[in-house]
Amino acid sequence: MAGKKITIRDIATQAGVSPASVSMILNQKNLSRFSDETVKQVQKIAADCQYISKPRKHTEKYNKKNTKGIIMIICPSVTSLYYSTLIKSMEQKAIELGFSTIIRTTYWDKKIEKNLLDYSLVSPDIAGVIFAMIPQQPELARIASQQIPMVTIGDQFQDLGISTVNINNHLAGEMIGKHLIELGHQNVAYISTALNPEHSARVRRRDGVMAAYRSFCPAGKVMVHSVDIPSYTTLNTFGIEHEVGYQLAQKCARLHPEITAMVAINDMVAYGVIDGLHDLGLKIPDDISVCGFDNIFPSRFGGINLTTIEHSIGERGKRAFQMIADRLSAPTNNSFLEPIIRMEYECRLIVRGTTGPVKGHNSKTCTMK
């Protein structure tokens, strides 16, 4: 290749590996993920070609600060209190353990998510990745996790092949369903943003509510109202979840006046549901009950007082960061694959003032076994 400027891609072609692998080997990053033969082969080809890897200025800056490394946290949005709480808890743990973090948002855009995964593999700065949600492209994330330490915060049902801090969203939905059944609610609505396999936590919560009604109130109905939101709308609309809750609650109340309870996919959507129902002149919980999920901190405020599910957001964020820090500090052996760790936190029903019994509730209509 005399006379031609050598690139990482040229070395990758000769070695029969990916450019990302060459970048990591030449930058001495996660070498334990490659065989000794592969490392030596890439280094020899680079030396024979007289390839020189240029150090990055920001890498030198972080090294001078004696940090243990930079962890990239990928999340859909920082405006959501759920995700901002997760991020804050992870950054608390990062400071405690001597790491740095960078936050990258996707706004549920698959292309952005893929670009961030690609960047994490080639950047010598990034020591590990934490997904604050279930990746929308789980197979891409799984492949990337074989080259860089990765942890996701997800659902008990998901088997991503990646270390995960879980909750059981189906069980959470069942808890809400049983609570409403005990209060005599036969006709309920499930209010949600997009429901599809890429948002399995939302689907699992819905399925849990419906499972409770099939088992304990088969005469009841769970009506589902959801809306798909393009990523550019999520990016450009502040408070999009509140807006979705507001609009769907009003639509649902007009179409189905028989509904006596609404279950929102999360607390932020529930706040929109509450405001939408108030503006229709409905009283909560006298006319209609409202539930959410996640128990973000405003849900306990006196003016909201929302019935919801406790999901230990802060503790899960800290645990996810501890898991990736443990991976980075543990001794490695090229002869063995890294273990996949799955840790689950229990859900807990928090009953507050937005749920109450149906007027004239007949306990014999639907009974808990």
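Keep in mind the model is a prediction, meaning the values are calculated, not measured.

Draft legend 1. The arrangement of the nonpolar core in detail. Core analysis: the biggest nonpolar cluster contains 102 residues, and Met150, Met262, Val273 and Leu277 have the highest contact counts within it. Discounting chain neighbours no more than four positions away, the residues touching Leu277 are Ala249, Ala253, Met262, Leu282, Ile284, Ile288 and Val290.

Draft legend 2. Looking closely at the pattern of salt bridges. The final tally for this structure, using the stated rule, is 9 salt bridges. The shortest N-O distance in the salt bridge between Asp48 and Lys44 comes to 2.9 Å. In this pair, Asp48 and Lys44 both sit in helix H3 (residues 36–48), 4 residues apart, roughly one turn of the helix. Here Asp48 and Lys44 have matching classes, each one exposed. Among the ionic pairs, Lys93 bridges to Glu96, the shortest N-O distance being 3.3 Å. Of this pair, Lys93 and Glu96 both sit in helix H5 (residues 81–97), 3 residues apart, roughly one helical turn. With relative accessibility at 15%, the residue Lys93 sits in the buried group. For Glu96, a relative accessible area of 55% translates into the label exposed.

Draft legend 3. How the structure looks around the sheet that holds strand E5 (residues 163–167). As summarised here, the arrangement of the 6 strands in space is E2-E1-E3-E4-E5-E11, forming an open sheet in which the pairing is parallel. Edge positions in the sheet fall to strand E2 (100–105) and strand E11 (342–345), since each of these pairs with one other strand and no more. Across the sheet, the mean angle separating the axes of adjacent strands is 20° when strand polarity is ignored.

Draft legend 4. Representation of the side chain of Asp10 within the structure. By the secondary structure assignment, Asp10 is in helix H1 (residues 8–15). Within the local environment of Asp10, its side chain forms a polar contact with the backbone nitrogen of Thr7, the two atoms lying 3.1 Å apart.

Draft legend 5. Focus on helix H8 (residues 169–182). With 14 residues, H8 extends 20 Å between its outermost C-alpha atoms, agreeing within 8% with the 20 Å of an ideal straight helix rising 1.5 Å per residue. Along H8, the residues that are buried comprise Asn169, His170, Ala172, Gly173, Ile176, Gly177, His179, Leu180 and Ile181. Taking the backbone nitrogen of His170 as reference, a side-chain oxygen 3.2 Å away marks Asn168 as the first, capping residue of H8. Positioned one or two residues after H8, Gly184 has a phi angle of 90°, which is positive.

Rules used throughout
Residues numbered from 1 in each chain as written. Predicted model: local features only at pLDDT ≥ 70, side-chain atom pairs only at ≥ 80, totals over all residues. Heavy atoms only, no water. Core = buried A, V, L, I, M, F, W, Y, C linked by side-chain atoms within 4.5 Å. Buried < 20%, exposed > 50% of the residue type's maximum accessible area, 1.4 Å probe, protein only. Contact = heavy atoms within 4.5 Å. Salt bridge = Lys/Arg side-chain N within 4 Å of Asp/Glu carboxyl O. Helix = DSSP H or I, 4+ residues; strand = E, 2+ residues; numbered from the N terminus. Pairing = 2+ DSSP bridges. Axes fitted to C-alpha atoms, helices over the stretch in contact; angles between N-to-C directions. Polar contact = N/O pair within 3.5 Å; in protein donor to acceptor, adjacent residues only side chain to side chain. Expected span 1.5 Å × (residues − 1).

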